[in-house]
Amino acid sequence: ESSAASDVYKRQTFVCGMHERVELRGMKVVVEDGPAIEVRLGCGLRLVDMELEADVIVSGTAAHALEIEGGSFRARTAAVKLGMVDTVTIRSAEFLVPQGVGVSLGMRGAATLEDTRITAKTALHVGMHGEVSVTRGRLEGVIALKTEMHAKVRTRNVQLHGKITRGLHSTVQDVSGEPEE
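Residues numbered from 1 in each chain as written. Predicted model: local features only at pLDDT ≥ 70, side-chain atom pairs only at ≥ 80, totals over all residues. Heavy atoms only, no water.

### Comments concerning the packing of aromatic side chains
Under the definition given, this model contains 1 aromatic pair. Note on Phe73 and Phe95: the rings are 5.0 Å apart at their centroids and 20° apart in plane angle, and the pair reads as stacked. With Phe73 in strand S10 (residues 72-82) and Phe95 in strand S12 (residues 94-105), this residue pair connects regions lying 22 residues apart in the sequence. There is no split in this pair, since Phe73 and Phe95 are both buried. (Phe/Tyr/Trp six-rings, centres within 6.5 Å; stacked < 30°, edge-to-face > 60°. Helix = DSSP H or I, 4+ residues; strand = E, 2+ residues; numbered from the N terminus. Buried < 20%, exposed > 50% of the residue type's maximum accessible area, 1.4 Å probe, protein only.)

### Focus on the pairing of strand S13 (residues 110-126)
As defined by bridge partners, strand S11 (residues 85-91) adjoins S13 across 4 bridges and the pair is classed as parallel. Residue pairing across strands places Arg91 opposite Glu114, the latter belonging to S13. Pairing between S12 and S13: 8 bridges, direction parallel. In the sheet register, Val97 faces S13, and the bridge partner there is Ala120. Two strands pair when backbone bridges link them, and S13 and strand S14 (residues 131-147) are joined in this way by 13 bridges, in the parallel orientation. Residue Leu124 lies in a different strand from S14, and its bridge partner there is Leu145. (Pairing = 2+ DSSP bridges.)

### A look at a nonpolar patch on the surface
Residues Met84, Met107, Met128, Met149 and Leu168 make up a contiguous nonpolar surface patch of roughly 440 Å² in combined accessible area. Following the sequence through the fold, Met84 ends up in the loop between S10 and S11. You can call Met84 partly exposed: its relative accessible area is 48%. (Patch = residues over 30% accessible without salt bridge, like charges linked within 9 Å, V, L, I, M, F, W, Y side chains within 5 Å. Areas by Shrake-Rupley, 256 points an atom, 1.4 Å probe, with all protein chains shown as cover. Salt bridge = Lys/Arg side-chain N within 4 Å of Asp/Glu carboxyl O.)

Structure (structure tokens):
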């Protein structure tokens, strides 16, 4: 299933349900109340060159995969707020959440962020046992990066502007000077 449009739509929450594979492309959407997109058990969602504005852009738990390619996202509470999710890939996107969390990954979240800019009160939050790789981008906020217990974050050529807070036994490693794998 795929959607494409160039107009601005004011909608209610779009729900990606159990085991669906959905791609949304090139849409401009404003959701006045609630999340723009909710992902549920087993959902695989791909957003390409989207412009979204809502309280929360993407929220949910137990999703299979979330992929964001390009686009701009403005949220009041959180841009991406996921509980347990298998994989998250974000490339060439921009998130603005002045009073909230940019990207928040719950327990055991695995994510790759490339060429992405996140400006938020807390730019990136990595939950317990999460593993995240951030390459070329900018994390900016009062807290640029927050990790929970046993989380692992690797950065390469990333501008961090703000505090870094680490949970028990978590690691944040800058590998900018090392050869790429």
